[in-house]
Amino acid sequence: MRLCVFLSLLALNLHLEVLANGIANRYFLEKQRFLLEILHHVHEPLMNEQWRLLGKQLVTDKEQYVVYNEHMTRFYEDFNLGKLLHRNVRYNTIYADHYRQMLGLYHFFYNARDWYTLWQNISWARVHVHPVIFVQALTQLILKREDYQALIMPKIYELWPESYHDDVTVRNARNFNFANWIRYVNVTDVEEIHPQKLEPFDVEGDLRGTIEWFQAMAEVNILRINQQKSRNKLEHLLEDIDWQSYWYNVNMGVVLTAKSSDQLREWCYYQLSQILARYKLERYGQKLAYKRLTQNQKAQFIIKKISELEAKVGDAISFRSIQLTNGSRINLKENNNWLIGLEELFPYDWTQLAVEKAVQPNILLDIRTIVRSEDFYYYAERLLDSYRWYRQVFQPNNQKTFIPSDLRIDDVQISPLITYDQPVDVDISNILSAKHFYLVGQFVWPFTLQHRQSRLQHKDFSYNLLISSNKTQSTIFRVFLTTSERGNIQREPFYQLDSFLTVIYPGLNRITRESKEFKGLAGDHISYTELYHFVKLAEREEFDFPLNISTPNCGFPRRLILPRGGSGNPLKLRILIVATVYDFRARQENELNCDFSKGVSRWDELPLGYPFERFLEDDALAAEIFGDHVYWKDVDILHENH
């Protein structure tokens, strides 16, 4: 409790210090510049002499920490015994020994009593600790300590570009020599571009193209290398850097959340179901099998864990009881014991899947790239089947009381749904050799290398609801996108596009929703290079640095809510709108910024994902999706070639 109170006071002080009018002051800017410089070329040994000197020693004086715990003691012992993971060994997220080291370093960061202790520890860790352990511990610090949550981490694909880009691009970037390029320009695949040609030009905050932007980037050469053109039918989704980084950020946010809860577990499984539904819609659009997924390469330890879980769930359902890890057995039909069983059976972060032996490296086992693997969705489907089946059997069903009376959805009109391939430049400067960024021992950032890619995008769209009602009532509307298949829908994906709360009045009600208003989504952001130069500009007092200069890391990519449309024949799908009664239990939390410390947002007490948290078999028989409070609409998605 004393730790929480102390850290809360620190957070309050920093909040008052740097958040006045939403503009950063020099103390914040100093911390932000340090963060960006210490993470620059994090995969290489640190060349910044200023931070190397600062980080000669780890702070071991226990008085400099609010708490000095066993995690820190174990970490320091491992360091003294030379047991810390060598930087050239691949870090394995689920290997218990590797995770324990990350946890120890995290506590050295999190428990630091003041910025100067933390400053020194971060600099020390950058020199002595495995780069992935370092980045994960630093990420956790910024996510979990309120006094540092305003600091902005570069996007994970900007820190580790080699994990997100094709081998040819990575090889060419690593071999790039800036000095030779200046002498022999246009000899390589790299070209210099005019600042206005950087894509996308429209980013959150509307900073690109402003006077301040040109001032910040005045001395920066913007270089571009083009994408290799080879794509399979799903690459535009699975290889998408925002698709991959979104899932990484969600998992990083959930890990080490101080207070676990049934609501957080429910939220995590809901997000997993959303990712799976969106993936299945893409398969459906590409005319690939989607109802029952298969695996390509077997990961034996994952198969073993999934099979064990399925067996335990089957036993729990058959016997209506479960044996807990402490050896006791509980009746799942008594009181709320089914929630205890839920906690026992269904973990919701990767640390609860830890293994005691290192396993072979695999993109399926790397939290940065896990959703790139098609096998991930096969395992996710099996896990969600068990989760839904358990809840269907044990969770009390009072959902029919949420079906509104005296309300009818009369019509839905939707504007054209159009997708297209959009060119975009992604900052891969961290692949380049760090030596290009030092002049006479001083850190400089004279150029940036951008990887030109093509990515899925959609045009803004809107829909209009026509609602009849005999009374005034607060109502929640949920809007889903699904396939055009009718009848048995048990294996059909339902991806939630939108949800909102409104008041319906007697008579005819017209409601308009714009896709730009959909909650939980994030747009484009400025690059790592731009962020650094805006900080430098602000330090020269030539720019008011806004604290919302970047995008929330746990916002789903706005441009990926629609599957790729048909180029010749449109992709035929259905929209489902479901109205429910509002129970005045809405809450707004901060999960969009990966902060789960106070819980998660929700409209009501209905399960997240309602009504598809259970198995519904027929679209014309289930009360939740049939009646006046429901409307089905056929829609087409076209893909335009720009």
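Below is a summary of the structure that appears in this document. All of these numbers come straight from a predicted model, not from anything done at the bench. Throughout this description, residue numbers start from 1 for each chain and increase along the sequence as written. Local features in this predicted model are restricted to residues of pLDDT 70 or higher, and side-chain atom pairs are both shown and tallied only at a pLDDT of 80 or more, whereas totals for entire chains, interfaces and linings draw on every residue. Excluding hydrogens and water, the side-chain figures rest on all heavy atoms present in the structure.

## A few points about the overall build of the protein chain
At step 1: The secondary structure content of the protein chain amounts to 18 helices and 17 strands.
At step 2: Here the C-alpha atoms of the protein chain give a radius of gyration of 26 Å, agreeing with the 26 Å that 2.2 N^0.38 yields for 642 residues.
At step 3: Each principal axis of the C-alpha distribution contributes one length, and for the protein chain these read about 75 × 60 × 50 Å.
At step 4: Taking all 642 residues of the protein chain together, 58% fall into the buried category.
At step 5: Long-range pairs, those at least 24 residues apart, make up 80% of the contacts in the protein chain between residues at least 6 apart in sequence.
At step 6: A 1.4 Å probe and the Shrake-Rupley method give the accessible areas. Residues count as covered only by the protein chains that appear here. For the protein chain, the accessible area works out to roughly 28500 Å², and carbon and sulfur atoms hold 49% of it. Put simply, DSSP H or I for four residues or longer makes a helix, DSSP E for two residues or longer makes a strand, and each gets a number counted from the N terminus. Our radius of gyration is a C-alpha quantity, and the globule rule it is checked against amounts to 2.2 Å times the number of residues to the power 0.38. Type-normalised accessible area, obtained with a 1.4 Å probe on protein chains alone, sets the label of each residue: buried when under 20%, exposed when over 50%, and partly exposed for intermediate values. Here, two residues are considered to be in contact whenever any of their heavy atoms come within 4.5 Å of each other.

## Comments concerning the side chain of Arg145
At step 1: Its place among the elements puts Arg145 in the loop between α7 (131-144) and α8 (156-159).
At step 2: Engagement of the side chain of Arg145 in a polar contact is seen with the backbone oxygen of Ala112, the distance being 2.8 Å. We define a polar contact as two N or O atoms separated by no more than 3.5 Å, with the added condition that, inside protein, one atom must be a possible hydrogen donor and the other a possible acceptor, whereas residues neighbouring each other in sequence contribute only through side-chain atom pairs.

## Overview of the sheet that holds strand β2 (residues 221-226)
At step 1: On the basis of which strands lie adjacent, the open sheet formed by 8 strands has the order β1-β2-β9-β6-β17-β16-β11-β12 and mixed pairing. Sheet topology places β1 (191-192) and β12 (495-504) at the edges, where each strand pairs with a single neighbour.
At step 2: Here 6 bridges tie β2 to strand β9 (residues 447-458), and the two strands are oriented parallel to one another. Within the sheet, the bridge partner assigned to Asn226 lies in β9 and is Arg452. Pairing between strands is defined by DSSP: at least two bridges between the two strands are required.

## So, the packing of aromatic side chains
At step 1: The rule is short: rings of Phe, Tyr and Trp, with Trp giving its six-membered ring, pair when the centres are within 6.5 Å, and they are stacked under 30 degrees, edge-to-face over 60, tilted in between. Under the counting rule described, the total for this entry stands at 50 aromatic pairs.
At step 2: Taking 5.2 Å as the distance between ring centres and 80 degrees as the angle between the ring planes, the aromatic pair formed by Tyr284 and Tyr290 counts as edge-to-face. The residues Tyr284 and Tyr290 share a single accessibility class, namely buried.
At step 3: Residues Tyr582 and Phe584 carry aromatic rings whose centres are separated by 4.8 Å and whose planes lie at 50 degrees to one another, so their mutual orientation is tilted.

## Here we look at the state of the cysteines
At step 1: Throughout, disulfides are identified as pairs of cysteine sulfur atoms within 2.5 Å of each other. Applying the stated criterion to the full structure yields 1 disulfide.
At step 2: At a sulfur-sulfur separation of 2.1 Å, the disulfide partner of Cys554 is Cys594. Handedness of the Cys554-Cys594 disulfide follows from its S-S torsion of about 110 degrees: it is right-handed. One end of the pair, Cys554, is in the loop between α18 (528-539) and β15 (556-557); the other, Cys594, is in the loop between β16 (571-581) and β17 (630-640), and 40 residues separate them in sequence. The pair Cys554 / Cys594 is uniform in exposure class, with both members buried.
At step 3: No disulfide involves Cys268; its nearest neighbouring cysteine sulfur is the one of Cys554, lying 9.9 Å away.
At step 4: By relative accessible area, which is 9% here, Cys268 ends up buried.

## Brief notes about the environment of Phe584
At step 1: Along the chain, Phe584 falls in the loop between β16 and β17.
At step 2: Phe584 gets classed as exposed once you look at its relative accessible area, which sits at 62%.
At step 3: For the pair Phe584 and Asn337, spaced 247 residues apart in sequence, the C-alpha to C-alpha distance is 26 Å.

## Quick look at the pattern of salt bridges
At step 1: For this analysis, a salt bridge means a side-chain nitrogen from Lys or Arg found within 4 Å of a carboxyl oxygen belonging to Asp or Glu. Following the criterion strictly, the structure yields 38 salt bridges and no others.
At step 2: Glu381 is the partner of Lys280 in a salt bridge, and the nearest nitrogen-oxygen pair spans 2.5 Å. Here Lys280, found in helix α14 (residues 262-285), pairs with Glu381, found in helix α17 (residues 374-394); they are 101 residues apart in sequence, far enough to count as distant.
At step 3: On the basis of relative accessible area, Lys280 is assigned to the buried category, the value being 5%.

## Some details on the packing of helix α13 (residues 241-254) against α14
At step 1: For the pair α13 and α14, the least separation of the axes is 12 Å and the interaxial angle reads 170 degrees. By the angle between their axes, α13 is roughly antiparallel relative to α14. Of the residues in α14, those in contact with Trp243, Tyr246, Trp247, Val250 and Val254 of α13 are Leu264, Trp267, Cys268, Gln271, Leu272, Ile275, Arg278 and Tyr279.
At step 2: Think of it as three bins: nonpolar holds Ala, Val, Leu, Ile, Met, Phe, Trp, Tyr, Cys and Pro, charged holds Asp, Glu, Lys and Arg, and polar takes everything else, Gly as well. Classifying every residue of the contact of α13 with α14 by side-chain character gives 11 nonpolar, 1 polar and 1 charged. Axis definition: a line fit to C-alpha positions, over the contact stretch in the case of helices; interaxial angles, taken between N-to-C directions, run 0 to 180 degrees. Note on angle classes: values under 35 degrees are labelled roughly parallel, values over 145 roughly antiparallel, values of 65 to 115 roughly perpendicular, and the remainder oblique.

## Examining empty space enclosed by the protein
At step 1: Note on definitions: the grid is 1 Å and covers protein atoms alone; a cavity is a set of points where a 1.4 Å probe fits but cannot get out; a pocket is an open set with protein on both sides within 12 Å along at least five of seven lines; lining residues have an atom within 4 Å of a point. Grid points are joined across faces, edges and corners, and a volume is the space filled by probe spheres set on the points. Following the criterion strictly, the structure yields 4 cavities of 30 Å³ or more and no others.
At step 2: Quantified by volume, the largest cavity comes out at close to 440 Å³.
At step 3: In this structure, the largest cavity is lined by 28 residues; those nearest its centre are Ser273, Arg388, Glu492, Phe494 and Phe612.
At step 4: Within the residue set of the lining of the largest cavity, elements represented by two or more residues are α14 and α17.
At step 5: With 8 residues, the top contributor of residues to the lining of the largest cavity is α14.
At step 6: Classifying every residue of the lining of the largest cavity by side-chain character gives 14 nonpolar, 4 polar and 10 charged.

## Concerning the environment of Gly565
At step 1: Tracing the backbone shows Gly565 in the loop between β15 and β16.
At step 2: Spatially, the C-alpha atoms of Gly565 and Leu234 are 13 Å apart, while their sequence positions differ by 331 residues.
At step 3: Among residues more than four places away in sequence, those in contact with Gly565 are Thr419, Leu571, Ile637, Leu638 and His639.

## With respect to the side chain of Gln271
At step 1: With respect to the helices and strands, the residue Gln271 is situated in helix α14.
At step 2: With a relative accessible area of 10%, Gln271 lands in the buried category.
At step 3: Within the structure, Gln271 has its side chain in polar contact with the side chain of Tyr246 (distance 2.8 Å).
At step 4: Those residues in contact with Gln271 that sit more than four places away from it in its chain are Tyr246 and Trp247.

## What to know about the sheet that holds strand β13 (residues 507-514)
At step 1: The 3 strands are arranged β5-β10-β13 in an open sheet whose pairing can be described as antiparallel. In this open sheet, the two strands that pair with only one neighbour each are β5 (407-414) and β13. On average, adjacent strands in this sheet sit at an angle of 20 degrees to one another, irrespective of strand direction.
At step 2: Bridge count for strand β10 (residues 462-469) against β13 is 8 bridges, and the pairing is antiparallel. When the sheet's bridge partners are listed, Ser468 is paired in β13 with Leu508.

## Examining the nonpolar core
At step 1: Within the largest apolar cluster, 189 residues are counted, with the highest numbers of intra-cluster contacts made by Leu39 and Phe545.
At step 2: Sort the elements by how many residues they give to this core and α14 lands first, with 12 residues.
At step 3: Leave out the neighbours within four places in its chain, and Phe545 touches Gly22, Ile23, Ala24, Phe28, Leu29, Ile152, Leu531, Phe534, Val535 and Ala538.
At step 4: Within the second largest apolar cluster, 13 residues are counted, among which are Phe494, Tyr610, Phe612 and Leu616. Here, nonpolar core refers to any group of buried Ala, Val, Leu, Ile, Met, Phe, Trp, Tyr and Cys residues whose side-chain atoms link them within 4.5 Å.

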